[in-house]
Amino acid sequence: IMQKTKLFLRALKDSVPHFGKCMQKQSHCNFADHYYNRIKLKKCHLTKCLQNKPKISELARNIPSRSFSCKDLLPIKPENEKSSENMDAFEKVRTRLETQPQEEYEIINAEIKHGGFVYYQEGCCLVRSKDEEADTDNYEVLFNLEELKLDQPFIDCIRVAPDEKYVAAKVRTEDSEASTCVVVKLSDQPAMEASFPNVSSFEWVKDEEDEDVLFYTFQRNLRCHDVYRATFGDNKRNERFYTEKDPSYFVFLYLTKDSRFLTLNIMNKTTSEVWLIDGLSPWDPPVLIQKRIHGVLYYVEHRDDELYILTNVGEPTEFKLMRTAADAPAIMNWDLFFTMKRNTKVVDLDMFKDHCVLFLKHSNLLYVNVIGLADDSVRSLKLPPWACGFIMDTNSDPKNCPFQLCSPIRPPKYYTYKFAEGKLFEETGHEDPITKTSRVLRIEAKSKDGKLVPMTIFHKTDSEDLQKKPLLVHVYGAYGMDLKMNFRPERRVLVDDGWVLAYCHVRGGGELGLQWHADGRLTKKLNGLADLEACIKTLHGQGFSQPRLTAVTAFSAGGVLVGALCNSSPELLRAATLEAPFLDVLNTMMDTTLPLTLEELEEWGSPSSDEKHKNYIKRYCPYQNIKPQHYPSVHITAYENDERVPLKGIVNYTEKLKEAVAEHARDSGEGYQAPNIVLDIQPGGNHVIEDSHKKITAQIKFLYEELGLDSTSVFEDLKKYLKF
């Protein structure tokens with residue numbers, strides 16, 4: 001589960017936005033938004049799709065130059081608007097993104113620009129090339145990953161030392177969450193200087209003696225509690241800098257965008273604490289911003305000797321932007337700077353010399369708010385209705401704010417906000433036909449307590465009699481994370497083949513802010529189940545498919561709601577596909593020896609010490625509530641050495657479910673058609689392998705067979721995207 005984005009924040013595995021370039025998620029259901037570093041049309045097949053990249057500047061710090069036009073149709077609401085200025089042209093063309101349909105997409109791995117070079121992976125090597133030659137074969141090999149003797153290694157994250165004496169790269173494999181940080185000395189003959197196992201986040205700073213210092217966090221048993229700092233060359237040393245004693249917290253590093261401070265972030269699901277490490281004097285003791293206060297979350301950026309703090313402190317307990325002087329960081333000095341509308345999720349934040357840009361989701365639609373820091377002006381831009389998610393581009397150009405928009409059925413498209421002109425520009429060129437051949441709808445379902453639950457629906461524009469079309473429902477509903485809606489080629493193929501896709505943004509997720517998460521965790525977890533049931537009934541009631549043509553899909557923690565739905569309302573669906581599902585909540589949370597149980601207490605409760613929590617979990621836990629009855633067919637993909645969702649719990653669930661199905665079949669007599677219960681155990685120790693072609697084809701084959709559909713054309717279309 002990897003996360004590959006850029007900037008300041010992104011829904012952390014728990015219910016809060018993540019802030020940090022290298023945030024390692026820690027949860028039974030650890031799966032953040034995956035996204036494509038760069039997608040371009042090429043006569044090759046879908047390659048490494050998901051690099052595990054937490055947040056800030058994992059990619060090049062400048063956006064590739066592209067052809068853009070001003071999107072005047074997007075409303076801009078200026079306040080205290082500044083006069084427009086002519087903008088300089090974009091930097092020279094380095095790549096061009098094309099999104100023509102029915103072609104194969106190449107996924108470009110992690111890369112970062114530093115100085116005049118671009119650092120990236122080419123084959124099995126870490127390489128660099130001059131910026132103007134980035135798309136050519138003229139590159140310098142810095143390190144051969146095969147020296148690590150790993151099976152199909154790939155680079156997950158790259159950091160270059162300030163003066164380019166060293167480059168550090170985190171390397172991992174698709175079948176394991178273990179990673180190795182390799183430090184390469186840059187010279188006429190580059191060579192590996194050091195390697196560190198089990199590194200999560202890492203950043204470079206330079207000390208007063210112009211010596212490069214690498215700070216990194218060490219992860220053991222999925223827990224990240226230790227911070228180290230290391231130097232190289234003649235003055236080589238490696239020392240532990242900090243250890244977090246509370247096992248329910250984890251630590252990660254974030255370098256402010258201006259590189260002035262390295263922040264040490266200590267978090268659990270509901271509380272955070274941040275220390276500042278001086279980027280100019282990294283050997284000095286760190287400065288505490290605010291001691292942890294239960295229920296208070298905050299994340300820090302820096303600009304012109306001021307700290308900008310995104311926090312939920314005060315009423316309402318949603319995120320708001322505050323600021324204070326860097327030399328007076330305590331909470332009593334925080335001044336309110338900007339508040340969000342109700343039902344707003346802060347997706348990310350980017351800081352520029354004269355502007356702060358907030359990436360928001362409000363009432364299930366995407367917005368960008370551009371705040372002028374000189375005059376406190378605000379421009380609010382409503383983004384195209386087809387867009388379902390942001391992909392952040394790292395960027396060092398103070399004049400432009402680039403980002404990408406995506407949806408489950410449409411590849412990412414570039415947009416750039418030009419500060420001087422105060423306008424949003426979109427990339428021009430070939431328009432993906434999916435925008436005309438498909439339709440996106442946003443509707444709401446009324447849950448049993450009256451709460452309105454948003455849904456996002458996709459289907460073909462020319463579909464007739466939608467009630468006879470197959471429906472695939474997606475759900476997650478945990479940790480305050482948004483339902484993942486990045487582009488997936490197989491989802492596009494399903495829509496082209498007539499399917500209706502529905503994404504249900506139930507409580508427990510983060511789509512409507514922190515309260516939306518709070519209303520679906522601990523002793524309110526059943527709200528998420530009620531929301532899911534209401535969504536499916538609403539879809540059927542409004543003419544989208546019918547129970548015998550309905551399937552539900554989920555991964556990780558989403559398996560809790562789907563498993564509970566199969567127990568409580570199996571008549572609503574025909575089939576379900578689950579990947580690395582969390583199905584035995586009670587026994588897992590009772591076992592405090594598991595690596596993540598203590599970190600998960602804020603989400604699920606503490607059944608071992610709280611009888612109320614124990615009895616509540618028993619009410620919805622999928623494993624605990626299996627009974628002889630008719631069930632939908634279920635396909636489960638599990639991973640042999642998954643540390644987040646242990647295989648034992650999935651196997652126990654599958655065996656118990658098969659026993660209940662068999663008992664119900666015996667009681668029903670001859671003629672009863674029992675559902676198929678399939679457990680597909682994949683090798684490896686990763687939690688979810690999103691781009692496994694074997695997994696994708698197995699799941700789609702299962703859905704078509706269970707719903708009685710002809711799969712001939714769908715597999716022919718998949719071959720246009722994936723290499724079988």
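About the criteria used
- Residues numbered from 1 in each chain as written.
- Predicted model: local features only at pLDDT ≥ 70, side-chain atom pairs only at ≥ 80, totals over all residues.
- Heavy atoms only, no water.
- Helix = DSSP H or I, 4+ residues; strand = E, 2+ residues; numbered from the N terminus.
- Buried < 20%, exposed > 50% of the residue type's maximum accessible area, 1.4 Å probe, protein only.
- Contact = heavy atoms within 4.5 Å.
- Areas by Shrake-Rupley, 256 points an atom, 1.4 Å probe, with all protein chains shown as cover.
- Phe/Tyr/Trp six-rings, centres within 6.5 Å; stacked < 30°, edge-to-face > 60°.
- Lys NZ or Arg CZ within 6 Å of the ring centre and 35° of its normal.
- Pairing = 2+ DSSP bridges.
- Axes fitted to C-alpha atoms, helices over the stretch in contact; angles between N-to-C directions.
- Patch = residues over 30% accessible without salt bridge, like charges linked within 9 Å, V, L, I, M, F, W, Y side chains within 5 Å.
- Salt bridge = Lys/Arg side-chain N within 4 Å of Asp/Glu carboxyl O.
- Lys, Arg positive; Asp, Glu negative; His and termini not counted.
- Charge placed at Lys NZ, Arg CZ, Asp CG, Glu CD.
- Core = buried A, V, L, I, M, F, W, Y, C linked by side-chain atoms within 4.5 Å.
- Parallel < 35°, antiparallel > 145°, perpendicular 65-115°, else oblique.
- Left-handed = near helix turned anticlockwise from the far one by under 90°.
- Nonpolar A, V, L, I, M, F, W, Y, C, P; charged D, E, K, R; others polar.
- Arc of directions from axis to C-beta.
- Polar contact = N/O pair within 3.5 Å; in protein donor to acceptor, adjacent residues only side chain to side chain.

### Side note on the overall build of the protein
Link 1 in the chain: In terms of helices and strands, the protein carries eleven helices and 42 strands.
Link 2 in the chain: The buried share of the protein, taken over its 724 residues, is 64%.
Link 3 in the chain: Put simply, of all contacts in the protein between residues at least 6 apart along the chain, 63% involve residues at least 24 apart.
Link 4 in the chain: Surface exposure of the protein reaches about 26,100 Å², of which carbon and sulfur atoms provide 47%.

### Points about the packing of aromatic side chains
Link 1 in the chain: Tallied over the full model, the rule gives 25 aromatic pairs.
Link 2 in the chain: Ring geometry for Phe 390 against Phe 403: centres 6.0 Å apart, planes inclined by 70°, an arrangement best described as edge-to-face. With a gap of 13 residues between them, Phe 390 in strand 31 (residues 389-392) and Phe 403 in strand 32 (residues 400-407) connect regions that are remote in the sequence. Each of the two residues, Phe 390 as well as Phe 403, counts as buried.
Link 3 in the chain: Grouped by ring-pair contacts, the aromatic residues Tyr 166, Phe 196, Trp 204, Tyr 216, Phe 218, Tyr 228 and Phe 232 constitute a single cluster.
Link 4 in the chain: A cation over an aromatic ring shows up here: Lys 525 above the ring of Trp 604, its NZ or CZ 4.2 Å from the ring centre.

### Some thoughts on the sheet that holds strand 10 (residues 140-144)
Strand pairing in a sheet takes place through backbone hydrogen bonds and is either antiparallel or parallel in direction.
Link 1 in the chain: Taking strand neighbours across the sheet as the criterion, the four strands line up as 7-8-9-10 in an open arrangement whose pairing is antiparallel. For this open sheet the edge positions go to strand 7 (111-114) and strand 10, each flanked by a neighbour on one side alone. Direction aside, neighbouring strands of the sheet carry axes that sit 25° apart on average.
Link 2 in the chain: Where strand 7 meets strand 8 (residues 117-122), four bridges bridge the pair, whose relative direction is antiparallel. Within strand 8, the position partnered with His 114 by the bridge is Phe 117.

### Looking at a negative patch on the surface
Link 1 in the chain: Negative charge collects at one region of the surface, where Glu 208, Glu 209, Asp 210 and Asp 284 lie side by side.
Link 2 in the chain: Position of Asp 210 relative to the elements: it lies in the loop between strand 15 (199-206) and strand 16 (212-220).
Link 3 in the chain: Under the relative-accessibility criterion, Asp 210 is labelled partly exposed at 47%.

### Re the sheet that holds strand 12 (residues 166-173)
Link 1 in the chain: Strand order across the open sheet formed by four strands is 11-12-13-14, with antiparallel pairing between neighbours. Of all the strands in the sheet, just strand 11 (153-160) and strand 14 (191-197) have a single pairing partner and so form its edges. When the angles between neighbouring strand axes are averaged without regard to direction, this sheet yields 25°.
Link 2 in the chain: Strand direction decides the pairing type here: strand 11 and strand 12, joined by seven bridges, are antiparallel. Across the sheet, residue Phe 154 finds its bridge partner in strand 12, namely Arg 172.

### With respect to the pattern of salt bridges
Link 1 in the chain: Counted by the stated rule, this structure contains 29 salt bridges.
Link 2 in the chain: Here Arg 574 ties to Glu 706 by a salt bridge, and the two come within 3.4 Å at their closest N and O atoms. Here Glu 706 lies in helix 10 (residues 693-706) and Arg 574 lies in the loop between helix 5 (558-568) and strand 40 (575-579), a separation of 132 residues in the sequence.
Link 3 in the chain: Across the pair Lys 701 and Glu 705 runs a salt bridge, and its minimum N-O distance is 2.6 Å. Note that Lys 701 and Glu 705 are positioned in helix 10 at a spacing of four residues, about one turn of the helix.
Link 4 in the chain: Bridged by salt links that share partners, the residues Asp 163, Lys 165 and Lys 206 form one connected network.

### Things to note about the nonpolar core
Where a protein is soluble and globular, its nonpolar side chains tend to be buried together.
Link 1 in the chain: Of all hydrophobic cores here, the largest spans 89 residues; its most connected members are Val 473, Leu 501, Leu 532, Leu 539, Val 585 and Trp 604.
Link 2 in the chain: Sequence-distant contacts of Val 473, defined by excluding residues within four places in its chain, comprise Ala 502, Cys 504, Leu 532, Ile 536, Leu 539, Thr 550, Ala 551, Val 552 and Thr 553.
Link 3 in the chain: With 39 residues, the next largest nonpolar core counts Val 251, Leu 297, Leu 349 and Leu 365 among its residues.

### A word on the packing of helix 4 (residues 526-541) against helix 5
Link 1 in the chain: One can describe the packing of helix 4 onto helix 5 by two numbers: an axis separation of 10 Å at closest approach and a directional angle of 65°. One way to sum up the angle between helix 4 and helix 5 is to call them roughly perpendicular. Read as a crossing pair, helix 4 and helix 5 show a hand that is right-handed. Contacts between helix 4 and helix 5 pair Gly 528, Leu 529, Leu 532, Glu 533 and Ile 536 from the former with Leu 561, Ala 564, Leu 565 and Ser 568 from the latter.
Link 2 in the chain: Class assignment for the residues of the contact of helix 4 with helix 5 results in six nonpolar, two polar and one charged.

### Describing the pairing of strand 15
The two faces of the sheet receive side chains in turn, since in a regular strand these alternate between them.
Link 1 in the chain: Judged by how many residues are buried, strand 15 sits mostly within the fold: seven of eight residues are covered.
Link 2 in the chain: Bridging between strand 15 and strand 16 involves six bridges; their strand directions are antiparallel. Bridge pairing links Phe 202 to Tyr 216 in strand 16.
Link 3 in the chain: The hairpin turn running from strand 15 into strand 16, its antiparallel successor, is five residues long, and Asp 210 in that turn takes a positive phi close to 60°.

### A short note on the side chain of His 613
Link 1 in the chain: In this fold, His 613 is placed in helix 8 (residues 611-620).
Link 2 in the chain: When sequence neighbours within four positions are dropped, the list of residues in contact with His 613 reads Thr 523, Gly 605, Ser 606 and Pro 607.

### A look at helix 8
Link 1 in the chain: Along helix 8, the residues classified as buried are His 613, Tyr 616, Ile 617 and Tyr 620. Angularly, the buried residues of helix 8 cover 100° about the axis, an arc narrow enough to put them on a single face.
Link 2 in the chain: Summarising the contacts, the buried residues of helix 8 are in contact with helix 4, helix 5, helix 6 (585-590) and helix 7 (601-604).
Link 3 in the chain: Of the residues that open helix 8, the one with a side-chain oxygen 2.9 Å from the backbone nitrogen of Lys 612 is Asp 610.

### Points about unusual backbone geometry
Trans peptide bonds make up the majority, and among non-glycine residues the majority have a negative phi.
Link 1 in the chain: The residue after Glu 315, namely Pro 316, is reached through a cis peptide bond having omega -10°.
Link 2 in the chain: Examined against the element boundaries, Pro 316 turns out to sit in the loop between strand 24 (306-311) and strand 25 (320-325).
Link 3 in the chain: The backbone phi angle of Glu 164 is positive, close to 60°, even though this residue is not glycine.
Link 4 in the chain: The residue Glu 164 is located in the loop between strand 11 and strand 12 in this model.
Link 5 in the chain: With a phi close to 45°, Ala 580 is a non-glycine residue in the positive phi region.
Link 6 in the chain: Among the secondary structure elements, Ala 580 is positioned in the loop between strand 40 and helix 6.

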